[in-house]
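# Architecture and fold: a report
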Amino acid sequence: SMSPSIKLLAVALIAAQTELPKVAKDRENPYFKSKYVGLDTLLPAALKVLTAHGLGLIQSVGQDSRGGTTLTTILLHESGEWLSDTQPLLLVKSDPQAQGSAITYGRRYALMSMLGLVAEDDDDANAATGPPATARPRPPVTPNPAPSAAQRQDIDEQNPITEAQIRA
C-alpha cells in the first residue's frame, strides 16, 4: 500500500537508487552451498544513501488475522509520503531461534525488493585484475532474468530455513 501521493518519495527514491552501492554476497550457507548478503552488511549501506535523500525505513514484526507472524516494511519520505508491504514469515519450527532467523531472512529480502537491489557474487577483484596468463578463457555467461515475486515465494517455500542455518 502507499500514501495518496508518492510524487516526492518517487523522486527521492530514484535519486537514491542511482547511488545505492552494489552489495556483495559476503556470507556462506553451507547447507545449500550458496552465498548471500548479510543484513548487517546490507542495511547500513542502504540507510546511508536513503537518509541522504530524506528517506527512512521501518521494518516491524506483527501478526496476521490467523496469528501468523508477519513483517511489514515501510519506506518513508520526509514529506510524509510512504510505501509499505507486509509479508508472512514462514517458520520451520515454533521457537524463538526459528522466529529470529525468519525475521532476519525476511528483512533482508524485503529491503532488497523494496529498493530494487540485487546481491552479486564477490569475485575478490578477479574481474578487475583479469585472468592469470595460463587460465583458459571462460565461455560467456548468459544472465538469468530476475525471478518474479511469485517465483521468489515458490523458491522461499521450497527452501525453508533449516536447523543448520539457524545454528550458523
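Our structure is the block above this text.
Summary of the structure given here. This structure is a prediction, so every number in the text was calculated from the model and none was measured.

### Thoughts on the nonpolar core
If you look at soluble globular proteins, the nonpolar side chains tend to sit buried side by side. Of all hydrophobic cores here, the largest spans 23 residues; its most connected members are Leu42, Leu55, Leu75, Leu111 and Leu115. The element contributing the most residues to this core is helix α2 (residues 39-52), with six residues. In this view, leucine 42 contacts Val23, Val37, Arg108, Leu111, Met112 and Leu117; residues no more than four positions away in its chain are not counted. In terms of nonpolar packing, the next biggest core, distinct from the first, is built from five residues, Leu89, Ala102, Ile103 and Ala110 among them.

### Points about α2
The end-to-end C-alpha distance of α2, which contains 14 residues, comes to 20 Å, matching closely the 20 Å that a straight helix rising 1.5 Å per residue would cover. Every buried residue of α2 is accounted for by Leu39, Leu42, Leu43, Ala46, Val49 and Leu50. Along the axis of α2, the buried residues cluster in a sector spanning 145°; they form a single face. Every exposed residue of α2 that faces more than 90 degrees away from the buried side is listed here: Asp40, Lys48, Thr51 and Ala52. Buried residues along α2 sit against α1 (7-19), β1 (23-25), β4 (55-63), β5 (69-77) and α3 (96-115). Positive backbone phi, approximately 75°, marks glycine 54, located one or two places after α2.

Parameters at a glance
Residues numbered from 1 in each chain as written. Predicted model: local features only at pLDDT ≥ 70, side-chain atom pairs only at ≥ 80, totals over all residues. Heavy atoms only, no water. Core = buried A, V, L, I, M, F, W, Y, C linked by side-chain atoms within 4.5 Å. Buried < 20%, exposed > 50% of the residue type's maximum accessible area, 1.4 Å probe, protein only. Helix = DSSP H or I, 4+ residues; strand = E, 2+ residues; numbered from the N terminus. Contact = heavy atoms within 4.5 Å. Expected span 1.5 Å × (residues − 1). Arc of directions from axis to C-beta.

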